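A look at the structure
Okay, here's what each chain looks like letter by letter:
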Amino acid sequence: MSVNRSQTFSLVLLWIFASGVSAQPNPASLPANSRLFDFYERGPYRAEVVRPADFFGYRPGEFLTTFALYESLLRDYGRHSDRLRIFELGKTPEHRTLYLLAISSPGNLARLGQIKEQLASLADPRKSNGGDLDNVIQTAPIAIWLSYSIHGNESAAFEAGIQFLYQLLASDDQAITDALEHAVVLINPCQNPDGHERFATWYNAHGDARPEHYAYEHDEPWSIDGRLNHNFFDLNRDLVALCQPESRIATRAFLEWHPQVLADHHGQTKEYFFPPPALPINPNLPAKTTTKWLKIFGEANAAAFDRYSWPYFVRELFDLFYPGYWDTWSSLHGATGMTYETDGGGVLGYRWYRDDGTIVTLRDGIAKHFTADLSTVLTAAANRRERLHDYRDFFESSVKGPQRKCYLFPVPNSPAATELLALLQLQGIEVSRTNREVRMARGTDRYGRDFTDKLIPAGSYVVDSAQPYGRMARTLLDFETPEDPEFLTRQEQHRKANEKKGTEESKDDYEFYDVTSWSLPLAMGVEAYSTDQPIQADTVEPISDRQKAPRTPSGEGQETLSETQQIAGVAYGFDSRSPHSMRMVVDLLQRGYRVETSNEVFRAAGQDFPRGSFILRAERNPADLSAVLGRFAGQYGVMVKPISSALSDDNNPGIGSERIFSLEVPKVAILAGKPGDQTSYGLLRFLLEQSYGLDLVPVPLSGLTLDVLRHFNVLILPNGEESEYKKELQGDQLDDLRDWVSQRGVLICMGGSSEFAADPDTKLTSSRILGAGEKSDKSTEEKSKKQKEPGGNKQDDKPLEVPGAIVRAHVNRDHFLTIGYEEDDLPLLVQGNAFFQRSDTGANVLTFEGDNLKISGFFWEGNTEESLRGTSALIEEPIDKGRVILFNCEPGFRMIWTSTVRFLLNAIVYGPSESNKTGK
Ligand SMILES: [Zn+2]
């Protein structure tokens, strides 16, 4: 299920394991290329700027520099270099400082404020006249942004940043001093200090320079995974949702500085990679200039590498499509955005056998980044004027908007819309609001369906693509971002070639690097329309999102519900449909307040409460109930209704009805460690703890015993490899798990853990994976019947893997898992090729039915839709008094797919009480 998320990573692992350890020559007899390379060949060097090796006591590549040690070097440089300004941007979750360093000539540093203004003026041509901008292009330095160590375990990147910083500060080589007259180099030395420090500390303790692949130092533990930040997020996927502090802080600085060039440094490939990138290239980028500059920087790097006879690759693997990577993101914000991947270091440690028996070292990896950086800075400085000119053009053409689109959001007060629009503003995108009703003659809805003549109410939010960051706006808001036809044709060719191959024969690789669709109105569940008509609207002040749960209500802002404090009711009720209500009910339950609910509409205080609404009875709660609800209502922004009588004045049940039942306090455990996937675990923890304030206990695999599980009523198994789940969770432990479920436990599975649950041996659901072989326990008769139905399940065909597309799912709106969803259809992300056949014994809550399942992204013609049809995306499988809940994909994927989070919350908040409803 997790094919695409860390595809490169898997490729490297594959290579690591495939290359094996055979025929190892004696390392001492091997010439390392890096011996030809010297870090100090650009002298003379200034004595007052200390060499990192002298400061640290080890040479480049001999030890991993901790972030703390790096900071002391930085302080020393701050005192002794006249080419450096140090900015502290903010803090990481573990309280480390995020820095931005500005390196330039002393003259430029003295006028940094003016330079920032000059570059900002190029990025918004609406505010200046052409003559002024021509003058800026003549006089302003070019800004080059170099960022290191976003993946904290790609150690060569961090070390290269140190060596390159020294070079820029200490070298009096003419080429470097000239370049610093014409350029400001902005260094983000460590984008992920928390991940870096985890990895560096672990590796320094165990690294022994053993090149054998089986050596312990190459087996980074699950809990270290320095690739990820403190919250176990991959920061180089986060630039769509910007949910992590490191991403928000760095992008804010980027938008303030307006760099023209960006290189993001990594380190996990077999050979060095730099642009030109692979296809597809995001079609919202200006094709000609984007390609031109990627080629210029790529060719300069190539020449620099050729001097050392270093191999490298271009136009493969790393594309420029998904906007959540730094290269694509910065390109959509006007820069020449580039990914640099080096070969040595990281999980390969200090030394590592290549498949031909030669050795690649950490020092090699550092040297190559260093060389690419030098080439990048010199190339940028040499092309300063032309690059600044094209930078202005990027924004001029954006503002003119040749394919102008206006996006309208007619329900401005929905929490999802507020979150989406606040996010757009974080992306630098201007949001405005209409002060009158708008009649759209024509346009498209968020599903890409055309309409004519639509009225949009006054007060709707508007995003006009004719603005500086209009290209980013289009990328995030269009229902589909098309991929290069040449790229798609090539994938079809791979498919044809693969279809001719034998079942065991090795197959062509498909080249999708990531999800092929991420449209925010679809992913976040926000009603939106677009039109090519310009819409009159006023720009609005920053919108604040309320993503986080206030964990300790302060008692401020009680305006929403002063009435509850005055009117003592027999009970209080609130609707559950907004995320704020779910945050509030979690808080109330965890504080011991008794809350009830119903799966049906009920009637109280002269109004209908939708199914899933919450009731708190005065009789069953502490005396401070009314005061607490008054406070919480203001804090969470939830409307609480006092109910003065249990009498229902119509046919719907009242609050005393038998159909009202108590909610259990959710006591939630999540599997931490293998076989779960780290990013899935990180996502779930972040989402549930930080967005919803849920108490969550991470429990290791060894803790999944009846003894431990009896403390919980919910257990979450994150996404992970199905085979690993099968290997790790079996025998008595699996029996224990099943016993716990049957005694009112709620087991939540997703992706690979759902596949595991659908394995016939696991006995957790009657659903089976489509094409998983003759394991289905359905009768032969049933099977043949199903196969005859159009779109019926085909037992033997494993569907082709979907890289990540948006599919229309049908919502079973009678089921408790769908409380809060008010439409029959939902756009859903589908990834991979594990499609779940309908459960015969449980509830199929989200299903793929009928024609036109595809909304956006890549589908395999004649395969994806046909395979998906008739399968389920969300299943509730009752087992005695408990239930297993199976998601096909991770709900809330990357915090982009927020529209699916509610299913997960329903499973946690209502799931444990379902037996109360049924009286079991
Ligand atoms: Zn990386």
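Our structure is the block above this text.
Residues numbered from 1 in each chain as written. Predicted model: local features only at pLDDT ≥ 70, side-chain atom pairs only at ≥ 80, totals over all residues. Heavy atoms only, no water.

Section: the sheet that holds strand E16 (residues 529-531)
- Spatial ordering of the open sheet is given by E14-E13-E16-E11-E15-E12-E17, a layout of seven strands whose pairing is antiparallel. A strand with exactly one partner marks an edge of an open sheet, and here the two such strands are strand E14 (450-456) and strand E17 (538-539).
- Pairing between strand E11 (residues 406-409) and strand E15 (residues 461-464): four bridges, direction antiparallel. The residue of E15 that forms the bridge with Leu408 is Val462. (Pairing = 2+ DSSP bridges. Helix = DSSP H or I, 4+ residues; strand = E, 2+ residues; numbered from the N terminus.)

Considerations on the sheet that holds strand E18 (residues 571-574)
- Read from one edge of the open sheet, five strands run E23-E18-E22-E19-E24, paired in antiparallel fashion. Edge positions in the open sheet fall to strand E23 (641-643) and strand E24 (661-662), since each of these has one partner strand only.

As for the nonpolar core
- Counting 221 residues, the largest nonpolar core has Ile103, Phe409, Leu424, Val463, Leu588, Ile716 and Ile748 as the members making the most contacts within it.
- The residues contacting Ile748, other than those within four sequence positions of it, are Val714, Leu715, Ile716, Leu717, Ile885, Phe887, Leu904, Ala907 and Ile908.
- Counting residues in each nonpolar core, the second largest holds 28 residues, with Leu704, Leu747, Ala834 and Ile875 among its members. (Core = buried A, V, L, I, M, F, W, Y, C linked by side-chain atoms within 4.5 Å. Buried < 20%, exposed > 50% of the residue type's maximum accessible area, 1.4 Å probe, protein only. Contact = heavy atoms within 4.5 Å.)

Quick look at the pairing of strand E32 (residues 843-847)
- Burial analysis of E32 places five of its five residues in the buried class, which makes it a mostly covered element.
- Of the strand pairs in this sheet, strand E29 (residues 802-811) and E32 are connected by two bridges, and their pairing is antiparallel. Opposite Val811, over in E32, you have Leu846 as the bridge partner.
- Pairing between E32 and strand E34 (residues 871-879): four bridges, direction antiparallel. Bridging from a neighbouring strand, Thr847 pairs with Ser872 of E34.

A short note on the pattern of salt bridges
- Scanning the model with the defined rule gives 58 salt bridges in all.
- A salt bridge links Glu94 to Arg96, with the shortest nitrogen-to-oxygen separation between them at 2.8 Å.
- A residue is classified by how much of its surface remains accessible, and Glu94, at 28% relative accessible area, is partly exposed.
- Assessed through its relative accessible area of 22%, Arg96 is described here as partly exposed.
- Its salt-bridge partner being Asp343, residue Lys368 comes within 2.6 Å of it at the nearest N-O pair. Taken together, the residues span a long stretch of sequence, with Lys368 in helix H13 (residues 362-382) and Asp343 in the loop between strand E8 (336-341) and strand E9 (351-353) at a distance of 25 residues. (Salt bridge = Lys/Arg side-chain N within 4 Å of Asp/Glu carboxyl O.)

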